Amino acid sequence: MIIDAWAQHPTLRHINDPIFDSLRRWTKIPTPTSEIPVSMTLGMMDSGGVDKSLISAWVGPGKVMISNDEVASFVAEAPDRLIGVGSVDISKPMKAVQEIRRCDNELGFKAIRVLPLALGSSANRPTFLPCFHCMC
Amino acid sequence: MPSEPGRPLYLDQVALDFPELKIVGGHIGYPWTEEAIAVATKHENVYIDTSAYTVDRYPSELVSFMKGRGRTKVLFGTNYPMIMPQKALQSLDSLALDAEVSEMFLSGNAKRIFLCDD
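Residues numbered from 1 in each chain as written. Chains lettered and ligands numbered in written order. Predicted model: local features only at pLDDT ≥ 70, side-chain atom pairs only at ≥ 80, totals over all residues. Heavy atoms only, no water.

Caption draft 1: Here's a closer look at the overall build of chain B. Looking only at helices and strands, one finds 5 helices and 3 strands in chain B. Its C-alpha radius of gyration of 14 Å places chain B within 12% of the 13 Å reference for a compact globule of 118 residues. Its C-alpha atoms give chain B principal-axis dimensions of roughly 40 × 35 × 25 Å. Scored against the burial criterion, the 118 residues of chain B give a buried share of 55%. As presented, chain B carries roughly 5500 Å² of accessible surface, and 51% of it is formed by carbon and sulfur atoms. Side-chain charges in chain B split into 11 positive and 16 negative, and the spacing between the mean points of these groups amounts to 3 Å. (Helix = DSSP H or I, 4+ residues; strand = E, 2+ residues; numbered from the N terminus. Rg over C-alpha atoms; globule rule 2.2 N^0.38 Å. Buried < 20%, exposed > 50% of the residue type's maximum accessible area, 1.4 Å probe, protein only. Areas by Shrake-Rupley, 256 points an atom, 1.4 Å probe, with all protein chains shown as cover. Lys, Arg positive; Asp, Glu negative; His and termini not counted. Charge placed at Lys NZ, Arg CZ, Asp CG, Glu CD.)

And the structure:
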C-alpha cells in the first residue's frame, strides 16, 4: 500500500494563486481554467500506485485557497481513497481552535496542517500555542 | 518570504511543550536536512515527510536515516499537484529499501500516525 502524506486536491483559487508563480514556472504546470474534478486526482493517484492521499485545505490570513468544507466534499466523493487534513488561520488562535474542533468533530479530518512560514513566522511563536494544545 | 522561520529546529520547542502532539515536518526540511533528522531523532513525536521532492532528489543523509534508525520516522509525500505521484516514485527502486523499510515509508508510518486512533 502507498499513502501520500501531503497532497492537495486543487481549486482554481489555489492552483492559480500568485504565491505559486515561481513554482509554476519551475515545474511548467499548465494553468487550468475550470475546476478540476476529483476524478482527475484519483486518476493521478492510480497512475502512481497511490492508494490513499491525505488532502489538505489551505487557509491563511485573508485568504482561503481551499476551504475545509471543500476538502470535506472532495473526501466525500472518494472516502476510501482520500483523507481530510484541515487548515486554519493560526494568526487568529481563538477562531482557529473552534475550526480545528469542527474539523475533528464534524468533518472527520485526521490532521491539521499548520504553515507558520506562510505568516513569516517560526513554529514556536506563542500565538500558536492554543492551536497546538487543541490538536493534542 | 524568508525561509529561515521554516527551520526544523523551531519544532524542538513545540515538541517539548506538547509531547502528546504528533508533528510531521513537511518537505524534508532541506537545506537543514540534518537538523530535521536531529529533531525527529530527539523527539518521539516528530516525523519527516518527503513531499515536494522526487525520490531521486532525496538527500543522501535522509535516505541513510530512513534505512536505519529513522525507519519509523519518515513518510512518503508528493505535494501533489506540484509533483505527480508517478513522477515522485519513479526512482524508488534505486533507494534499494528492504521490504520492512519500504512498507513503513510508503504507508506504515502514515497509517500509524494518522489513521490509528489513540
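Don't stop here, the text continues.
Caption draft 2: Region of the structure containing the overall build of chain A. Scanning chain A from terminus to terminus reveals 6 helices and 6 strands. When the helices and strands of chain A are read in sequence order from the N terminus, they spell out β-α-α-α-β-β-β-α-β-α-β-α. Over its C-alpha trace chain A gives a radius of gyration of 15 Å, about what one expects of a compact globule, namely 14 Å for 136 residues. For chain A, the spread of C-alpha atoms along the principal axes amounts to about 40 × 35 × 25 Å. For chain A, buried positions account for 50% of its 136 residues. At a minimum sequence separation of 6, the contacts of chain A that also span at least 24 residues come to 70%. Of the roughly 6500 Å² that chain A leaves accessible, carbon and sulfur atoms contribute 57%. (Contact = heavy atoms within 4.5 Å.)

Caption draft 3: Broad picture of the nonpolar core. Counting 65 residues, the largest nonpolar core has Leu82 of chain A together with Tyr58, Phe76, Leu92, Leu95 and Phe105 of chain B as its most contacted members. Residues contacting Leu82 of chain A, with those up to four places away along its chain left out, are Val38, Leu42, Met45, Ser53, Ile55, Phe74 and Val75 of chain A. Among the nonpolar cores identified, the runner-up in size contains 11 residues, and Ile3, Leu54 and Ile83 of chain A together with Leu75 of chain B belong to it. (Core = buried A, V, L, I, M, F, W, Y, C linked by side-chain atoms within 4.5 Å.)

Caption draft 4: Just empty space enclosed by the protein, in detail. The final tally for this structure, using the stated rule, is 1 cavity of 30 Å³ or more. Size it by volume and the largest cavity reaches roughly 30 Å³. Lining the largest cavity we find Asp4, Ala7, Thr41, Met45, Ser53 and Ile55 of chain A together with Tyr80 and Pro85 of chain B. Looking at the lining of the largest cavity, the elements that each hand over two or more residues are strand E1 (3-7), helix H3 (38-48) and strand E2 (52-56) of chain A. Classifying every residue of the lining of the largest cavity by side-chain character gives 5 nonpolar, 2 polar and 1 charged. (1 Å grid on protein atoms, 1.4 Å probe; cavity = no way out; pocket = protein on both sides within 12 Å on 5 of 7 lines; lining within 4 Å. Points joined across faces, edges and corners; volume = space filled by probe spheres on them. Nonpolar A, V, L, I, M, F, W, Y, C, P; charged D, E, K, R; others polar.)

Caption draft 5: Inspection of helix H1 (residues 10-17) of chain B at higher detail. Residues of H1 of chain B that are buried: Leu11, Asp12, Val14 and Ala15 of chain B. Contacts from the buried residues of H1 of chain B go to helix H6 (129-135) of chain A together with strand E1 (23-25), helix H2 (33-42) and strand E2 (46-49) of chain B.

Caption draft 6: Molecular detail of the packing of aromatic side chains. If you walk through the whole model with that rule in mind, you get 5 aromatic pairs over all chains. Measuring from ring centre to ring centre gives 6.3 Å for Tyr30 of chain B and Tyr53 of chain B, while their planes differ by 65°; the resulting arrangement is edge-to-face. Pair noted here: Tyr30 of chain B is in the loop between E1 and H2 and Tyr53 of chain B is in the loop between E2 and helix H3 (60-67), with a separation of 23 residues, a long-range link. According to the relative accessible area criterion, Tyr53 of chain B is buried, its value standing at 10%. Every member of this aromatic cluster is reached through a ring pair, and the members are Phe128 and Phe132 of chain A together with Phe18 of chain B. Seen from the ring of Trp6 of chain A, Arg113 of chain A lies directly overhead, with NZ or CZ sitting 3.8 Å from the centre. Sitting over the face of the ring of Tyr47 of chain B, Lys73 of chain B holds its NZ or CZ atom 4.9 Å from the ring centroid. (Phe/Tyr/Trp six-rings, centres within 6.5 Å; stacked < 30°, edge-to-face > 60°. Lys NZ or Arg CZ within 6 Å of the ring centre and 35° of its normal.)

Caption draft 7: Examining the interface of chain B and chain A more closely. The interface of chain B with chain A comprises 37 residues on the first partner and 38 residues on the second. Seen at the junction of chain B and chain A, the total is 0 salt bridges. Applying the counting criterion to the chain B and chain A interface returns 8 residue pairs in polar contact (both at pLDDT 80 or more). Among the secondary structure elements, those contributing two or more residues to the side of chain B that touches chain A are H1, helix H4 (85-88) and helix H5 (99-115) of chain B. No other element matches the 6 residues that H5 of chain B contributes to the side of chain B that touches chain A. (Salt bridge = Lys/Arg side-chain N within 4 Å of Asp/Glu carboxyl O. Polar contact = N/O pair within 3.5 Å; in protein donor to acceptor, adjacent residues only side chain to side chain.)

Caption draft 8: Structural context of the pattern of salt bridges. Residues and elements named next belong to chain A. Overall, the coordinates contain 9 salt bridges over all chains when judged by the stated rule. Across the pair Lys63 and Asp17 runs a salt bridge, and its minimum N-O distance is 3.1 Å. Taken together, the residues span a long stretch of sequence, with Lys63 in strand E4 (residues 63-66) and Asp17 in the loop between helix H1 (12-15) and helix H2 (21-27) at a distance of 46 residues. Asp69 is paired through a salt bridge with Arg102; the nearest N and O atoms lie 3.1 Å apart. Taken together, the residues Asp69 in helix H4 (residues 68-77) and Arg102 in helix H5 (residues 93-105) connect sequence positions 33 residues apart. Taking the relative accessible area as the measure of exposure, Arg102 reaches 22% and is therefore partly exposed. Linked through salt bridges whose partners overlap, the residues forming this network are Asp69, Glu99 and Arg102.

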